[in-house]
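The primary structure of each chain is shown beneath.
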Amino acid sequence: MFGILGGNKGHKIKGTVVLMSKNVLDFNEIVSTTQGGLVGAATGIFGAATGIVGGVVDGATAIFSRNIAIQLISATKTDGLGNGKVGKQTYLEKHLPSLPTLGDRQDAFSVYFEWDNDFGIPGAFYIKNFMQSEFFLVSVTLEDIPNHGTIHFVCNSWVYNAKSYKRDRIFFANKTYLPNETPTPLVKYRKEELENLRGDGKGERKEYDRIYDYDVYNDLGNPDKSNDLARPVLGGSSAYPYPRRGRTGRKPTTKDSKSESPSSSTYIPRDENFGHLKSSDFLTYGIKSIAQTVLPTFQSAFGLNAEFDRFDDVRGLFEGGIHLPTDALSKISPLPVLKEIFRTDGEQVLKFPPPHVIKVSKSAWMTDEEFGREMLAGVNPCLIECLQVFPPKSKLDPTVYGDQTSTITKEHLEINLGGLSVEQALSGNRLFILDHHDAFIAYLRKINDLPTAKSYATRTILFLKDDGTLKPLAIELSLPHPRGDEFGAVSRVVLPADQGAESTIWLIAKAYVVVNDSCYHQLMSHWLNTHAVIEPFVIATNRHLSVLHPIYKLLLPHYRDTMNINGLARQSLINAGGIIEQSFLPGPFAVEMSSAVYKGWVFTDQALPADLIKR
């Protein structure tokens with residue numbers, strides 16, 4: 001099928017171009033048809049009728065054929081300037097609807113290129129889109145290249161109208177080269193592509209831009225809307241260090257020239273945007289819908305600061321769900337992810353499967369055994385450290401925060417160590433600590449001034465028993481000194497108890513630990529240490545490693561969707577007044593707290609075995 005026509009001169013190479021039209025991939029197109037069903041007909045990007053499932057109809061494919069041009073670039077033969085030869089511009093031709101390897105919602109087209117021995121082996125190609133709408137280029141395959149065989153180009157990129165680019169879009173064959181091994185004819189093109197991706201650091205980014213640039217987190221607040229929504233700039237200072245995000249270049253707010261104006265659509269390089277219909281598309285847009293639609297609906301139904309008054313109300317989440325007013329669910333977006341979250345039986349929602357520990361006993365969660373088990377099996381097992389120094393020390397600046405050394409004593413611990421001394425337990429690596437003191441004490445005065453929040457900074461000492469389980473020995477609850485931070489902390493040590501008022505106080509102390517732990521997990525372990533710190537690596541990889549670089553190809557799958565998720569998070573999740581601030585203990589100080597924790601973040605400590613050795 002991919003034969004060579006003719007002799008050494010005037011040969012034609014036949015190739016296959018696989019692409020997807022915008023309306024098949026664009027989320028907004030799908031949402032606009034939800035009322036009539038996802039498979040309902042929609043007006044296509046070319047004015048022709050298209051089906052979401054069926055793909056592009058013949059009228060649209062004819063327009064594809066006339067409006068997409070490709071030029072091959074040689075990897076072995078150079079022009080007079082030493083750069084790879086560029087072939088003649090060739091247009092897509094016949095639509096290939098029954099290609100065996102064609103994926104779902106993909107369309108294939110044949111294309112013919114003039115070729116002779118003087119051109120050499122193709123290693124790249126230019127592509128021009130003369131249509132007004134973009135398309136998603138999946139791949140290009142050339143077969144039966146004389147003395148070479150098949151060449152495959154893995155593209156997976158959006159291609160906009162040619163006028164959107166200062167330089168033509170270029171794609172390279174699916175091969176890898178270190179910079180000093182790159183074929184000489186391709187060196188110039190590799191360099192130009194990286195320059196395109198870096199941009200010039202100026203202006204507001206447009207949807208079609210393919211520019212990876214750095215900026216600080218100056219887009220979380222909205223001071224123009226309200227002074228209560230002003231937030232400090234995170235990153236670029238010793239006071240608020242933070243990883244970099246992708247630059248959008250939006251105009252500053254009126255009230256704060258250092259803060260960027262919020263936007264309903266945050267720029268990220270187009271290829272970082274979700275392109276295919278998959279669950280993560282719906283999940284992230286579901287986040288926005290939860291922030292903009294669901295939470296206000298719930299607040300309207302239950303009151304702004306609805307709380308559980310009894311344990312039976314909490315158990316109701318697992319036994320009967322929550323009943324909303326009859327019109328509440330009709331206001332919720334029809335996205336599949338929300339239907340999954342708010343599983344309904346009539347107007348009954350938020351019914352969750354009961355945890356196994358509750359299936360055994362409704363009060364089992366209150367035990368010390370379960371408290372210790374969840375330290376390792378729960379949401380945040382990577383903060384527990386082997387206790388190295390007793391009593392535990394603080395890393396906070398004593399000139400600012402005074403003496404923050406723990407008030408837990410040997411006597412507090414040894415009554416539950418089964419005859420061991422603290423020294424023996426330390427030397428045997430049997431004492432562990434879950435330390436949330438420093439992260440919270442610096443912000444606790446601000447947090448406890450909020451009308452809906454009251455908490456402590458916690459330190460928890462645990463003992464490794466002979467059966468391999470962790471037993472809590474003591475919990476230290478600390479508050480800032482009423483006379484000022486420089487006077488240290490006011491602390492109380494709570495010990496295990498199973499009777500009387502002391503047992504209730506012990507249970508409450510464990511609850512404070514769990515609140516600290518869950519907040520720390522979401523803000524630091526999940527957001528900061530996972531999403532935020534990886535974004536600069538995504539940017540750096542695209543700015544400095546060509547798609548031909550083997551390390552680029554190694555890293556790319558691990559970056560998938562990261563910048564998109566982070567951009568959506570800055571809009572609806574970690575922004576001022578967003579989901580995190582509405583639902584987490586630190587409220588408006590939540591992300592600012594993660595900046596304070598980031599001061600102690602060291603890249604080389606994050607991987608194994610360094611992380612285990614440190615802990």
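No experiment lies behind these values; they were computed from the predicted model shown.

Time to look at a nonpolar patch on the surface. On the surface, a nonpolar cluster with roughly 330 Å² of combined accessible area is contributed by Phe-311, Val-314, Trp-365 and Met-366. Mapped onto the secondary structure, Val-314 falls in helix α6 (residues 311–319).

Our focus in this paragraph is helix α14 (residues 500–544). Counted at 1.5 Å a residue, the expected span for α14 with its 45 residues is 66 Å, and the 64 Å between its end C-alpha atoms agrees. At Leu-528, α14 shows its maximal bend, which comes to roughly 45°.

For the coordinates displayed, the defined rule picks out 13 aromatic pairs. On the basis of an interplanar angle of 35° and a centroid distance of 6.3 Å, the ring pair of Tyr-91 and Phe-130 is categorised as tilted. With a gap of 39 residues between them, Tyr-91 in strand β7 (residues 90–91) and Phe-130 in the loop between β9 (122–129) and β10 (135–145) connect regions that are remote in the sequence. Taking the relative accessible area as the measure of exposure, Phe-130 reaches 35% and is therefore partly exposed. Both rings, one in Tyr-598 and one in Trp-601, keep their centres 5.7 Å apart while their planes meet at 25°; by these two values the pair is stacked. Under the relative-accessibility criterion, Tyr-598 is labelled buried at 18%. Of the aromatic side chains, those joined through ring pairs into one cluster are Tyr-217, Tyr-242, Trp-527, Phe-537, Tyr-598, Trp-601 and Phe-603.

Along the chain, Ser-157 falls in strand β11 (residues 149–159). A distance of 2.6 Å separates polar atoms of two side chains, one belonging to Ser-157 and the other to Asp-271. Contact partners of Ser-157, with chain neighbours within four places excluded, come to Phe-135, Phe-136, Leu-137, Arg-169, Phe-171, Arg-210 and Asp-271.

A word on the pairing of strand β8 (residues 107–115). Side-chain positions along a regular strand alternate between the two faces of the sheet. Across the nine residues that make up β8, a large majority, seven, are buried. Judged from the nine bridges that link them, strand β2 (residues 11–21) and β8 form a sheet pairing that is antiparallel. From the neighbouring strand, Lys-12 faces β8, where its bridge partner is Glu-114.

Our focus in this paragraph is the side chain of Arg-247. Structurally, the position occupied by Arg-247 is in the loop between β14 (245–246) and α5 (279–302). The buried charged residue Arg-247 lacks any salt bridge partner; its closest oppositely charged side chain belongs to Asp-213, at an N-O distance of 4.4 Å. Within polar-contact distance, the side chain of Arg-247 engages the backbone oxygen of Gly-201 at 3.3 Å. There is a polar contact of 2.9 Å between the side chain of Arg-247 and the backbone oxygen of Gly-203. Setting aside residues no more than four positions away along its own chain, Arg-247 makes contact with Gly-201, Lys-202, Gly-203, Arg-205, Asp-213, Tyr-214, Asp-215 and Tyr-267.

One recurring pattern in soluble globular proteins: nonpolar side chains tend to sit buried together. Formed by 33 residues in total, the largest nonpolar core has its most connected members in Tyr-217, Tyr-242, Phe-440, Ile-447, Trp-527, Leu-528 and Ile-574. Of all the secondary-structure elements, those providing two or more residues to this core are α13 (437–448), α14 and α18 (590–598). Per-element tally for this core: the top contributor is α14, with eight residues. Two domains each donate at least three residues to this core, and these are domain 2 (214–267 + 528–614) and domain 4 (364–524). Excluding residues that lie within four positions of it along the chain, Ile-574 makes contacts with Tyr-217, Leu-220, Trp-527, Ala-569, Ile-580 and Val-591. Listed in part, the 28 residues of the second largest apolar core include Val-111, Leu-142, Ile-151 and Val-159.

Residue Pro-391 follows Phe-390 across a cis peptide bond; omega there is -5°. Residue placement: Pro-391 occurs in the loop between β17 (385–386) and α10 (398–401). Here the amide bond leading from Leu-608 into Pro-609 is cis, since omega sits at 5°, within 30 degrees of zero. By the secondary structure assignment, Pro-609 is in the loop between α18 and α19 (610–614). Its identity is not glycine, yet Asn-147 carries a phi of approximately 65°, on the positive side. Turning to its location among the elements, Asn-147 is positioned in the loop between β10 and β11. You can call Asn-147 exposed: its relative accessible area is 83%. The backbone phi angle of Asn-156 is positive, close to 45°, even though this residue is not glycine.

Further remarks concern the pattern of salt bridges. All told, the structure shown has 25 salt bridges when counted by the stated rule. The closest approach of N and O atoms between Arg-250 and Glu-260, which form a salt bridge, is 3.2 Å. Here Glu-260 lies in the loop between β14 and α5 and Arg-250 lies in the loop between β14 and α5, a separation of 10 residues in the sequence. In this structure Arg-250 comes out as buried when scored by relative accessible area, which is 12%. Residue class for Glu-260 comes out buried when judged on its relative accessible area of 2%. For the salt bridge of Glu-592 with Lys-446, the shortest nitrogen-to-oxygen distance reads 3.7 Å. Taken as a pair, Glu-592 in helix α18 and Lys-446 in helix α13 lie far apart in primary sequence, 146 residues in all.

A word on the environment of Lys-163. Position of Lys-163 among the secondary structure elements: in the loop between β11 and β12 (169–172). Residue classification places Lys-163 among the exposed positions, given a relative accessible area of 79%. On a C-alpha basis, the gap between Lys-163 and Lys-128 in space is 9.1 Å, while along the polypeptide they are 35 residues apart.

Parameters at a glance
Each chain has its residues counted from 1, following the order in which its sequence is written. Side-chain atom pairs in this predicted model are given and counted only at pLDDT of 80 or more, local residue features only at pLDDT of at least 70, and totals for whole chains, interfaces and linings cover all residues. For the side-chain quantities, the full set of heavy atoms in the structure was used; hydrogens and water were omitted. Exposure above 30% relative accessible area and the lack of any salt bridge qualify a residue for a patch; like charges then connect within 9 Å, and the nonpolar side chains Val, Leu, Ile, Met, Phe, Trp and Tyr within 5 Å. In short, Shrake-Rupley with a 1.4 Å probe defines the accessible areas, and a residue's cover is counted only from the protein chains shown. Should a side-chain nitrogen of Lys or Arg be within 4 Å of a carboxyl oxygen of Asp or Glu, the pair is scored as a salt bridge. Secondary structure elements are taken from DSSP: a helix is a run of H or I of four residues or more, a strand is a run of E of two residues or more, and numbering for both begins at the N terminus. The span expected for a helix works out to 1.5 Å for each residue beyond the first. The angle between axes fitted to the seven residues ending at a residue and the seven residues starting there is what we call the bend at that residue. Pairing of aromatic side chains here covers Phe, Tyr and the six-membered ring of Trp, requires ring centres within 6.5 Å, and sorts the geometry by plane angle: under 30 degrees stacked, over 60 edge-to-face, intermediate tilted. Relative accessible area decides the class of each residue, using a 1.4 Å probe on protein chains only: under 20% of the type maximum gives buried, over 50% gives exposed, and in between gives partly exposed. Here a polar contact is recorded for every N or O atom pair within 3.5 Å, except that within protein the pair must consist of a potential hydrogen donor and a potential acceptor, and residues adjacent in sequence are included only if both atoms are side-chain atoms. Two residues form a contact once any of their heavy atoms are found within 4.5 Å. Strand pairing is defined by DSSP finding a minimum of two bridges between the two strands. Only four residue types enter the tally: Lys and Arg on the positive side, Asp and Glu on the negative side; His and the chain ends are excluded. Nine residue types can take part in a nonpolar core, namely buried Ala, Val, Leu, Ile, Met, Phe, Trp, Tyr and Cys, and a core is a set of them joined through side-chain atoms within 4.5 Å. The start and end points of each domain follow an automatic or database-based domain assignment.

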